[in-house]
Amino acid sequence: MFFLMTLKRSLSVHPQSFGPNLREIVVNRLLKEVEGTCSDRTGFIVSVVEVLDSGMGRIVDNHSGFAVFPVTYKAVVFRPYKNEVFDGTVSHVNKMGFFVKIGPLRAFVSKHMMPDDVVFDLEANPPAFSSEGSSLHIAPGTDVRVKIVGIRFDASDIVRYSSITA
């Protein structure tokens, strides 16, 4: 699910950046550091919408001259929850299951999380899952609806485990 969240971050700025464009440099640094990142606390940060406050910086006391600026900003974040249902597009199929692109994220649907009559078709080109009793055919580019059954957060990605019913 997408959320609009107010977040805070401290940014270190090199002394050569001090000058009349300091605020612009801090904002650009924020965009570069947070957009496209992921954490277990917020989810996947899709986009920074607005910088609410970029406070006064304070010089770091290690003789480097760097200053740390506290920044408060609003961002659009994407955070999937267990049992949430999403529509997505199949991006890759192999004998173990398939990957689904869901907005900015990818989910994996294991063959063990599919109905029993859905089997991997070795003869298909490109590789696909299909069902003998129905017209179900899952190949790259197929639109599917999946249910999130598990989530694991890595340093830069959210790993989703999903299921599908025919």
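Described below are features of the structure shown in this document. Please read all numbers here as calculations on a predicted model, not as lab measurements. (Residues numbered from 1 in each chain as written. Predicted model: local features only at pLDDT ≥ 70, side-chain atom pairs only at ≥ 80, totals over all residues. Heavy atoms only, no water.)

### Considering the sheet that holds strand β10 (residues 128–131)
Keep this limit in mind: At least two DSSP bridges between two strands are required for those strands to pair. Secondary structure counts use DSSP, requiring at least four H or I residues in a row for a helix and at least two E residues in a row for a strand, with both numbered from the N terminus.
Taken in spatial order, the 3 strands line up as β9-β10-β11 in an open sheet, and their pairing is antiparallel. Sheet topology places β9 (118–121) and β11 (137–138) at the edges, where each strand pairs with a single neighbour.

### Description of the side chain of T42
Our working rule: When accessible area is computed with a 1.4 Å probe and restricted to protein chains, residues below 20% of their type maximum are described as buried, those above 50% as exposed, and intermediate ones as partly exposed. Contact criterion: two residues are considered in contact whenever any of their non-hydrogen atoms come within 4.5 Å of each other.
Within the secondary structure, T42 sits in the loop between β2 (38–39) and β3 (43–54). Residue classification places T42 among the buried residues on the basis of a relative accessible area of 4%. Every residue in contact with T42, bar those within four places of it in the chain, is listed here: M5, L7, V77 and R79.

### Here we look at the pattern of salt bridges
The line we're drawing: Throughout this description, the term salt bridge denotes a Lys or Arg side-chain nitrogen within 4 Å of a carboxyl oxygen of Asp or Glu.
What the rule picks out here adds up to 3 salt bridges. Close ionic contact of D87 with R145 constitutes a salt bridge, the shortest N to O distance being 2.7 Å. Taken together, the positions of D87 in strand β6 (residues 85–94) and R145 in strand β12 (residues 143–153) put the pair 58 residues apart, joining distant regions of the chain. Through salt bridges with shared partners, a single network forms among R9, R29 and E33.

### A few points about the environment of M96
Among the secondary structure elements, M96 is positioned in the loop between β6 and β7 (97–102). Classification of M96 as partly exposed rests on a relative accessible area of 45%. Sequence-wise, M96 and I25 are 71 residues apart; in three dimensions their C-alpha atoms are separated by 46 Å. Aside from chain neighbours lying at most four places away, what touches M96 is F108, V109, S110 and K111.

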